[in-house]
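Structural overview
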Amino acid sequence: MPGSEWGTATEQRFNVNLSILFTELPLLERPAAAAAAGFTAVELWWPWVDSPTPERSELDALKKAIEDAGVQLTGLNFYAGQLPGPDRGALSIPGTESERFRANIDVAADFARSLGCKALNALYGNRVEGVEAAAQDALALENLVLAARAADRIGAILLIETLNQPESPLYPLVSAPAGVAVVDRVNEATGLGNARFLMDLYHLSMNGEDLPSVIERYAAQTGHVQIADNPGRGAPGTGTLPLEDLLGRLRKAGYEGWVGLEYKPGDRPSAAAFDWLPAKARAAR
């Protein structure tokens, strides 16, 4: 229930996704708002949806906002098109979007490096009518190899995410096995071993997957976890997902990484959407 507190939350390391929470505020005010709510770590989708290569002044302003707030950037998406919006990534889409993704790779990696961020998420891309799936997959692998090399250059991991079929019907990676298969292909192609699975428990639950089984099978290949309750994609306790139990299973399976809070605050200010989490559990340890 909203307002209940998790007994084992102090065992987790949480960060706040500033692209879905605190969006009632301008981008540059969100890091300080997360800090005021007690958090010390944040993550972001690519904030400039219209530009894979924003002006240096824009990058510097966001860097300063994160540093001034005293929070750590722990995850960043590569350019993914209009997100939120109709797009679900750019790297598998032939033509301009793929080129924009490639132009973004070093920009995103260098920005992450400047803030000590060690995880870069590459959303795949929707299927395009009139283009063979195999051709899109071949292009995706080329671009993911480039992204993995850039991540390796800054000592980071490359994350590959599974979304959910009901909300992203054109996205090809809508099961844990499909996402992990791409992870394996990238690691085989690069030899770097730095591609990892992004296990989003909300998306997997929307797909109807057996979450305890997914955790048991893929925890070792998981580089990041994100959570929201289901139905509704709200805060833990607003739906029926046993998130506390699932995160406990992940820990028992050896996962010690970040848990990204990637949920909608609902019809309340974002600062009020953390009542499920004890204040002492919000600062990363």
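Up top is the structure.
My aim in this report is to walk through the structure given alongside it, one point at a time. (Residues numbered from 1 in each chain as written. Predicted model: local features only at pLDDT ≥ 70, side-chain atom pairs only at ≥ 80, totals over all residues. Heavy atoms only, no water.)

1. Overview of unusual backbone geometry
The cut-off we apply is this: Comment: elements are numbered from the N terminus, with helices defined as DSSP H or I runs of at least four residues and strands as E runs of at least two.
In this model, L83 is joined to P84 through a cis peptide bond whose omega is 5 degrees. Mapped onto the elements of the fold, P84 is located in the loop between β3 (72–77) and α3 (96–114). One non-glycine residue, F22, lies in positive phi territory at about 65 degrees. By the secondary structure assignment, F22 is in the loop between β1 (13–17) and α1 (30–36). Phi is positive for R233, close to 55 degrees, though the residue is something other than glycine. Among the secondary structure elements, R233 is positioned in the loop between β7 (222–227) and α8 (243–252).

2. Considering the sheet that holds strand β5 (residues 157–161)
As a reminder, the rule being used: By definition, two strands form a pair when at least two bridges between them are found by DSSP. With axes taken as lines fitted to C-alpha atoms, and helix axes fitted only over the stretch in contact, angles between N-to-C directions fall between 0 and 180 degrees. Any two residues whose heavy atoms approach within 4.5 Å at even a single point are treated as in contact.
On the basis of which strands lie adjacent, the closed barrel formed by eight strands has the order β1-β2-β3-β4-β5-β6-β7-β8 and parallel pairing. Within the sheet, the average angular offset between the axes of one strand and its neighbour, ignoring direction, is 30 degrees. Note that strand β6 (residues 195–200) and β7 share four bridges and pair parallel. Across the sheet, residue M199 finds its bridge partner in β7, namely V225. Contacting β5 and β6, helix α5 (residues 176–190) runs over the sheet at an angle of about 165 degrees to β6. Here α8 sits on the sheet and contacts β1, β6, β7 and β8 (258–261); the angle it forms with β7, its principal contact strand, is near 170 degrees.

3. Quick look at the side chain of N187
Definition in use: Relative accessible area decides the class of each residue, using a 1.4 Å probe on protein chains only: under 20% of the type maximum gives buried, over 50% gives exposed, and in between gives partly exposed.
As for its position among the elements, N187 is in helix α5. Given a relative accessible area of 18%, N187 falls into the buried group. When residues no more than four places from it in sequence are discounted, the contact partners of N187 are L192, G193, N194 and A195.

4. Quick notes on helix α7 (residues 211–218)
Using the following cut-off: Directions are taken from the helix axis to each C-beta atom, and the arc is the one they span.
For α7, the full list of buried residues reads L211, V214, I215 and Y218. The buried residues of α7 all sit within an arc of 100 degrees when viewed along its axis, so they share a single face. Exposed residues lying more than 90 degrees from the buried face of α7 are E216 and R217. In this fold, the buried residues of α7 make contact with α5, β6, α6 (201–206), β7 and α8.

5. With respect to the pairing of β5
The condition is simple: Look down the strands so they point away from you; if the path from the first strand over the helix to the second goes clockwise, the crossover is right-handed.
Across the five residues that make up β5, a large majority, five, are buried. Covered by surrounding structure in β5 are I157, L159 and E161 together with L158 and I160, the residues of both alternating faces. Here strand β4 (residues 119–121) pairs with β5 via three bridges, running parallel. When the sheet's bridge partners are listed, A119 is paired in β5 with I157. Regarding topology, helix α4 (residues 133–153) serves as the crossover connection from β4 to the parallel β5, and that connection is right-handed. As paired elements, β5 and β6 share four bridges and run parallel to each other. Its bridge partner being in β6, L158 is matched across the sheet by A195. Since β5 and β6 lie parallel, the crossover through α5 that links them has a hand, and here it is right-handed.

6. Here we look at the pattern of salt bridges
The cut-off we apply is this: Here a salt bridge means any side-chain nitrogen of Lys or Arg lying within 4 Å of a carboxyl oxygen belonging to Asp or Glu.
Summed over all chains, the structure comprises 12 salt bridges. For R100, the salt bridge identified is with E97, shortest N-O distance 3.2 Å. Taken together, the residues R100 and E97, both in helix α3 and three residues apart, mark about one turn of the helix. Through salt bridges with shared partners, one network takes in D106, D110, R113 and R153.

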